[in-house]
Amino acid sequence: MKGKVCVFGSFNVDIVARVDRFPFPGESLVANSSMTSAGGKGANQAMAALKSGANVHYIGKIGEDAFGPFARRYLKSVEFDALTLLTTSDKATGNALIFVSEGEQGNAENMISVDPGANMTVSHDEIMQFASAIGCADILLVQLENNIAAIEHVINIAFEHQTFVILNPAPWQEVDDQLLTKVDLVTPNATEAQFMSGVPVTDFASAEIAADLIHKRGCKSVIITLGSMGALLSEQGVKTTIPLFPANPKDTTGAGDAFNGALAARLANGDSITDATRFAAAYAAVSVEKIGASPQISLTEVEDRLLCLA
Ligand code: RIB
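Basis of the calculations
Residue positions are given per chain, counting from 1 as you read along its sequence in written order. Note on the predicted model: pLDDT of at least 70 is required for a residue's local features to be given, and 80 or more for side-chain atom pairs to be given and counted; whole-chain, interface and lining totals, by contrast, use all residues. Neither water nor hydrogens contribute to the side-chain values; these are computed over all heavy atoms in the structure. Whether two strands pair comes down to DSSP finding at least two bridges between them. A helix here means a DSSP run of H or I that spans at least four residues, while a strand means a run of E at least two residues long, and both kinds are numbered starting from the N terminus. Here an axis means a line fitted to C-alpha atoms, over the contact stretch when the element is a helix, while the angle between two N-to-C directions is reported on a 0 to 180 degree scale. Whether a residue is near a molecule or strand depends on its heavy atoms: it is near if one of them lies within 4 Å of it. Here a polar contact is taken to be a pair of N or O atoms separated by no more than 3.5 Å, where protein atoms must pair a possible hydrogen donor with a possible acceptor and residues adjacent in sequence count only if both atoms sit in side chains. Note on areas: Shrake-Rupley, 1.4 Å probe, and residue coverage restricted to the protein chains presented here. Points on a 1 Å grid, built from protein atoms alone, make a cavity when a 1.4 Å probe fits but cannot get out and make a pocket when they are open with protein on both sides within 12 Å along at least 5 of 7 lines; residues with an atom within 4 Å of a point are the lining residues. To qualify as sitting in a cavity or pocket, a molecule needs more than half of its atoms within 2 Å of the grid points. Salt bridges are counted wherever a side-chain nitrogen of Lys or Arg sits within 4 Å of a carboxyl oxygen of Asp or Glu. The buried label goes to any residue with under 20% of its type's maximum accessible area, the exposed label to any with over 50%, and the partly exposed label to all in between, with areas taken from a 1.4 Å probe on protein chains only. Should the near helix be turned anticlockwise from the far one by less than a right angle, the crossing is left-handed, and should it be turned clockwise, the crossing is right-handed. Between two residues, a contact is recorded if the distance between any of their heavy atoms is within 4.5 Å. Basically, the charged four are Asp, Glu, Lys and Arg, the nonpolar ten are Ala, Val, Leu, Ile, Met, Phe, Trp, Tyr, Cys and Pro, and anything else, Gly included, counts as polar.

Asker: Describe the sheet that holds strand β7 (residues 110-115), with residues and values.
Answerer: Strand order in the open sheet formed by four strands is β3-β2-β6-β7, and the pairing between neighbours is mixed. The outermost strands of the open sheet, each flanked by one partner alone, are β3 (33-39) and β7. Adjacent strand axes in the sheet meet at a mean angle of 20°, parallel and antiparallel pairs treated alike. Pairing of strand β2 (residues 12-19) with β3 involves seven bridges; the strand directions are antiparallel. Paired with Arg18 across the bridge in β3 is Ser33.

Asker: Talk me through the site of the ligand; I want residue IDs and the actual numbers.
Answerer: All residues in the neighbourhood of the ligand are listed as Asn12, Asp14, Gly39, Gly40, Lys41, Asn44, Ala96, Val114, Glu145, Gly254, Asp257 and Ala293. Taking Asp14, its side chain carries an N or O atom lying 2.6 Å from an oxygen atom of the ligand. Between an oxygen atom of the ligand and a side-chain N or O atom of Glu145, the distance comes to 2.8 Å. In isolation the ligand exposes 280 Å². Once the protein is present, 96% of that is buried. Here the ligand occupies the largest pocket. Secondary-structure elements contributing two or more residues to the shell around the ligand are β2 and α1 (41-51).

Asker: Pulling in residues and values, what's your account of the pattern of salt bridges?
Answerer: If the charged atoms of two oppositely charged side chains come close together, the side chains can form a pair. One pass over the full model with this rule turns up eleven salt bridges. For the salt bridge of Glu301 with Lys290, the shortest nitrogen-to-oxygen distance reads 2.8 Å. Note that Glu301 is positioned in helix α11 (residues 299-307) and Lys290 in the loop between α10 (273-287) and α11, a separation of eleven residues in sequence. On the accessibility criterion, Glu301 (28% relative accessible area) is partly exposed.

Asker: Tell me about the packing of helix α9 (residues 255-268) against α10, and please be specific about residues and values.
Answerer: It is at 8 Å that the axes of α9 and α10 come closest, and there the two elements cross at 145°. The handedness of the crossing between α9 and α10 comes out as right-handed. Seen from α9, the contacting residues are Ala255, Ala258, Phe259, Ala262, Leu263, Arg266 and Leu267; seen from α10, they are Ile273, Ala276, Thr277, Phe279, Ala280, Ala281, Tyr283, Ala284 and Ser287. The residue inventory of the contact of α9 with α10, partitioned by class, reads 13 nonpolar, two polar and one charged.

Laid out in C-alpha cells, this is it:
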C-alpha cells in the first residue's frame, strides 16, 4: 500500500543559465547554455515523493500570466495522484533566476534568486478547500516558499488531524516556537540550522549542538543536511550520522528538494526514520547527477546507489 503524502508548496518557473563560473558584480557573462523549466521547492519535492513511490497530492498556486499555461501543462503531465492548482490574477507565477556553475571548480553549485509571486497569496478560504486532504494524509510536507499565514494554517490543520508534519525550512523565514511544537520533523540545511539555533553549523559536532537547540524550540525530530559531509539525524535527541552517497554532480539545484520528497515518501510507506533518511540521501545523490531541479529518477537508480554504501 502506498502511503499518502500531501505537499503544500511553491511552483516556480526556473530560468537557468549554465556558466563556467558565477559572474562578478557588474559583469555580463556569456552562458554555455540556458533553459526554462519547472521548479519551485514544493513542486520539486512533490515530484521526488511521487518518484519514490508515494501517493502524492500536490497543492500549489500560480498566476494567470504568460507562465501560467506552462505551469498548468507541466503539473498535469506529472500525473500526481491528486492536484489542487489555485490561481490568481493579482500576482505572476513564481519564478527563479538560477546560475549553475559547471566549470572545473564549480562543483555544479548554484545561485538562486526567487520572486515567489502567486505562491505568497494563498488565502484562508483557499486552504479550507483542501483541508480534508491534509487531514487524511499520512504526511504533510511543507517548505517556507509560501506566505507564512498559509503555512501556519496548513500545519494547524495537520496537527488537529494528527497528520505527521515535515517542515523543510527553505528558503528561510522566521517561524515561531508555537508552530514548531506542531512539527514532527524539521529538515534544515547547515545555514537554516544556524538561523534556527543561533549556532554556526560547520561539521557534525556543531550540527549536534544546533539539533539540540532546535529540539528545545519544539521539534521532535531534526535532520540537518550537511552537503558534502552527509546528514545528521536527531530523533528526540538520539543522534545518527547518515553518510554521503557517492555522486558526480552536474547540477545541485533541487538536491534538498529531492531529499525531502524522497524522505516523506519513504516515511509514508512505513520506513523507519533512519532507513527513510538513507534512502533520501541516495535519491539526492542520484538527482545531482542530472540536469534540472526536478529530474526524472527511477527507483532502480536509487536502489543501486544504496548498495554503494551497504
Ligand atoms: O530548491 C530549488 C528550487 O528553489 C528551484 O526549483 C527554484 O524554483 C527555487 O524555488
